[in-house]
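Take a look at the letters that make up each chain.
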Amino acid sequence: MKNIFALKLNNERLREILFFLAVLLLVIFPKGGIKVAGIPLTWGYIYLGFLFILTAIVIGSKFRFPVNSKHFMCFVATIPFVVYFSFHLLLFGYEGSIGNFIAFYISFVFLPFLFYIILGYFLTKIDIDYIEKLIANSVFIVALYGIFLFIYKQYMGHFLEIPYITVNADDLGELAGSKFNRRGSVSKLISTYNNGNIFGVCTLMLFPVFYKRTTSKIKIFVVILALILTLSRTVWIGLIFYFLMIYRNRLQQLVKVYLAGVVLLLVIGSFLMTKYFQYGSLEGFILDSNLGGRMLQIRKFNEITLFGNGPYKIIEEIVYLSIFRQFGIVGLLLFCVSFFAPVYLFFQTKNNNQVYLFGILTYLFVCFSDGCMLLIPTLVFFYFICTMAFINQNRT
């Protein structure tokens, strides 16, 4: 009996270590890695491949393949859009890069299969308190480092880059140029994500867990400040949307949060935006008629088609508009089935974990502006929170 108990404890500890490594490589250092033929190979994605093989071996050795029914339905919902996309490629062709082509199939085929089918059962075996505390601490660490890096860049004139760890070895020196992190003479807060929007969007998905698990107001202030310093309207709107959801029935609390946010923005605007921004002021930034270059995407939308009529290039910032323009009405409907299925299933079933639903809804909302959809590690976070949404917090 003691041997069985000891084995169980060892297995639990091993799973926690494996999860810790995943958080370290995907949440804290998501961009560390190398490039092969111009295609980024991050340690986090390589580690996901290792987890896929390891978990498949464990499942195979036990001759069992337990899959949560909700996870299975979420996975099935992803298949029609992938099939449609593949037929669309055959009919209309492709005009993007090889890296973007590979990124699509990794993001829309491998990742949902990995999380919904392979890792779903693995995650149910890890203590949920351990998972959420680790996520909350990681979000704070990344935000704190982001603020440090933001200040460092303004004073030193360049980013602090650690090749293979905080930045891909082949992207050294590119953070201030090709990564679109400039706002006039000031740079966005990017932390270890190498891009302000990616950091903001990914953090927003995990923010509900952080907010739930964090009692320190100082830590909450640090993370919110980091999100604001991304200088991304998408991130700001996503943060507003999140607080609107959780305080929708508590008007007084909602007003306090928004007033604090407005004051913080005015302070940042006074010190940074008036002097350094190309927009000249906070008001000019918020009311930018060009929408940060997205107006061009909206102007491209000039006809409604059923199946789309041109070759696939890339999923642009405004995700739904980009899908609609390239794949038509049918493509957009199948895409929405794929991504909104977890929300539908959540409301149709009981004993789900609500804190992750807020992350899902926040991401689906920011996709109206900039979803960073095919950029590492965005969809890893999305499929993770979708999987966790159906793992009962009060399970035995």
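First, a word on scope: everything that follows refers to the structure included in this document. (Residues numbered from 1 in each chain as written. Predicted model: local features only at pLDDT ≥ 70, side-chain atom pairs only at ≥ 80, totals over all residues. Heavy atoms only, no water.)

Focus: the overall build of the protein chain
A count of helical and extended segments in the protein chain gives 14 helices and 4 strands. Per-residue burial over the protein chain gives 51% buried out of 396 residues. By element, 68% of the accessible surface of the protein chain is carried by carbon and sulfur atoms, the whole surface being about 18,900 Å². (Helix = DSSP H or I, 4+ residues; strand = E, 2+ residues; numbered from the N terminus. Buried < 20%, exposed > 50% of the residue type's maximum accessible area, 1.4 Å probe, protein only. Areas by Shrake-Rupley, 256 points an atom, 1.4 Å probe, with all protein chains shown as cover.)

Describing the nonpolar core
Counting 111 residues, the largest nonpolar core has Phe108, Phe207, Phe243, Met373, Phe382 and Phe384 as the members making the most contacts within it. When residues of this core are assigned to their parent elements, the largest contribution, 12 residues, is made by helix 4 (residues 98-124). If sequence neighbours within four positions are ignored, Phe384 has contacts with Phe19, Phe115, Leu123, Ile131, Ile135, Leu206 and Tyr356. (Core = buried A, V, L, I, M, F, W, Y, C linked by side-chain atoms within 4.5 Å. Contact = heavy atoms within 4.5 Å.)

Comments concerning the pattern of salt bridges
Under the definition given, this model contains 7 salt bridges. A salt bridge links Lys35 to Asp171, with the nearest nitrogen and oxygen atoms 2.9 Å apart. Note that Lys35 is positioned in strand 1 (residues 33-36) and Asp171 in the loop between helix 5 (128-156) and strand 3 (182-183), a separation of 136 residues in sequence. Residue Lys35 is classed as partly exposed on the basis of its relative accessible area of 28%. Taking the relative accessible area as the measure of exposure, Asp171 reaches 8% and is therefore buried. Residue Arg213 pairs with Asp129 through a salt bridge whose shortest N-O separation is 2.6 Å. Taken together, the residues Arg213 in helix 6 (residues 196-213) and Asp129 in helix 5 connect sequence positions 84 residues apart. Residue class for Arg213 comes out partly exposed when judged on its relative accessible area of 24%. With a relative accessible area of 32%, Asp129 lands in the partly exposed category. Among the charged side chains, a salt-bridge network with shared partners connects Asp129, Glu132, Lys212 and Arg213. (Salt bridge = Lys/Arg side-chain N within 4 Å of Asp/Glu carboxyl O.)

Points about helix 7 (residues 217-228)
Taking 1.5 Å of rise per residue, the 12 residues of helix 7 would be expected to cover 16 Å, and the 16 Å separating its terminal C-alpha atoms lies within 8% of that figure. Turning to helix 7, its buried residues are Ile220, Val222, Val223, Ile224, Leu225, Ala226, Leu227 and Ile228. (Expected span 1.5 Å × (residues − 1).)

Observations regarding the side chain of Thr55
Of note, Thr55 is situated in helix 2 (residues 43-62). Beyond its immediate sequence surroundings of up to four residues, Thr55 is in contact with Ile118 and Leu119.

Regarding the packing of aromatic side chains
Scanning the entire structure with this criterion turns up 49 aromatic pairs. Ring centres 6.0 Å apart and planes at 65 degrees place the aromatic pair Phe104 and Tyr312 in the edge-to-face group. Here the residue Phe104 occupies a position in helix 4, and Tyr312 occupies one in the loop between helix 11 (295-300) and helix 12 (319-348), the gap between them amounting to 208 residues. Each member of the pair, Phe104 as well as Tyr312, is classed as buried. (Phe/Tyr/Trp six-rings, centres within 6.5 Å; stacked < 30°, edge-to-face > 60°.)

A closer look at the packing of helix 6 against helix 14 (residues 378-388)
Axis separation between helix 6 and helix 14 bottoms out at 10 Å; the angle between their running directions is 10 degrees. With respect to helix 14, the axis of helix 6 lies roughly parallel. Along the contact surface, helix 6 presents Ile198, Val201, Cys202, Met205 and Leu206, while helix 14 presents Thr378, Phe381, Phe382, Phe384 and Ile385. Considering only residue class, the contact of helix 6 with helix 14 consists of 9 nonpolar, 1 polar and no charged. (Axes fitted to C-alpha atoms, helices over the stretch in contact; angles between N-to-C directions. Parallel < 35°, antiparallel > 145°, perpendicular 65-115°, else oblique. Nonpolar A, V, L, I, M, F, W, Y, C, P; charged D, E, K, R; others polar.)

With respect to a nonpolar patch on the surface
A cluster of nonpolar residues, Val36, Leu41, Trp43, Ile46, Ile162, Tyr164 and Ile165, forms a patch on the protein surface that exposes about 580 Å² of accessible area. Its location among the elements puts Val36 in strand 1. (Patch = residues over 30% accessible without salt bridge, like charges linked within 9 Å, V, L, I, M, F, W, Y side chains within 5 Å.)

With respect to empty space enclosed by the protein
Inspection of the entire model under this criterion finds 3 cavities of 30 Å³ or more. The element that contributes the greatest number of residues to the lining of the largest cavity is helix 1 (residues 2-28), accounting for 5 residues. Residue composition of the lining of the largest cavity, by class: 16 nonpolar, no polar and no charged. Volume-wise, the second largest cavity comes out at about 40 Å³. Along the walls of the second largest cavity sit Val27, Ser138, Val139, Val142, Tyr193, Phe199, Cys202, Thr203, Leu206 and Phe381, which together make up its complete lining. Looking at the lining of the second largest cavity, the elements that each hand over two or more residues are helix 5 and helix 6. With 4 residues, helix 6 is the single largest residue contributor to the lining of the second largest cavity. (1 Å grid on protein atoms, 1.4 Å probe; cavity = no way out; pocket = protein on both sides within 12 Å on 5 of 7 lines; lining within 4 Å. Points joined across faces, edges and corners; volume = space filled by probe spheres on them.)

What to know about the pairing of strand 1
Sheet topology places strand 1 next to strand 2 (residues 39-42); 4 bridges connect them, and they run antiparallel. Paired with Val36 across the strands is Ile39, a residue of strand 2. (Pairing = 2+ DSSP bridges.)

As for helix 12
Under the 1.5 Å per step criterion, the end-to-end length of helix 12 is only 26 Å for 30 residues, more than 12% shorter than the ideal 44 Å. Within helix 12, the axis deviates most sharply at Phe327, by approximately 130 degrees. (Bend = angle between axes of the 7 residues up to and from the residue.)

Looking at the packing of helix 3 (residues 69-92) against helix 4
Close contact between helix 3 and helix 4 brings their axes to 10 Å; oriented N to C, the two are set at 160 degrees. Considering their axes alone, helix 3 and helix 4 lie roughly antiparallel with respect to each other. Note that helix 3 runs across helix 4; the crossing there is left-handed. Counting all contacts with helix 3, which are made through His71, Phe72, Cys74, Phe75, Thr78, Phe81, Val82, Phe85, Ser86 and Leu89, the residues of helix 4 involved are Phe101, Phe104, Tyr105, Phe108, Val109, Pro112, Phe113, Tyr116, Ile117 and Gly120. Residue composition of the contact of helix 3 with helix 4, grouped by class: 16 nonpolar, 4 polar and no charged. (Left-handed = near helix turned anticlockwise from the far one by under 90°.)

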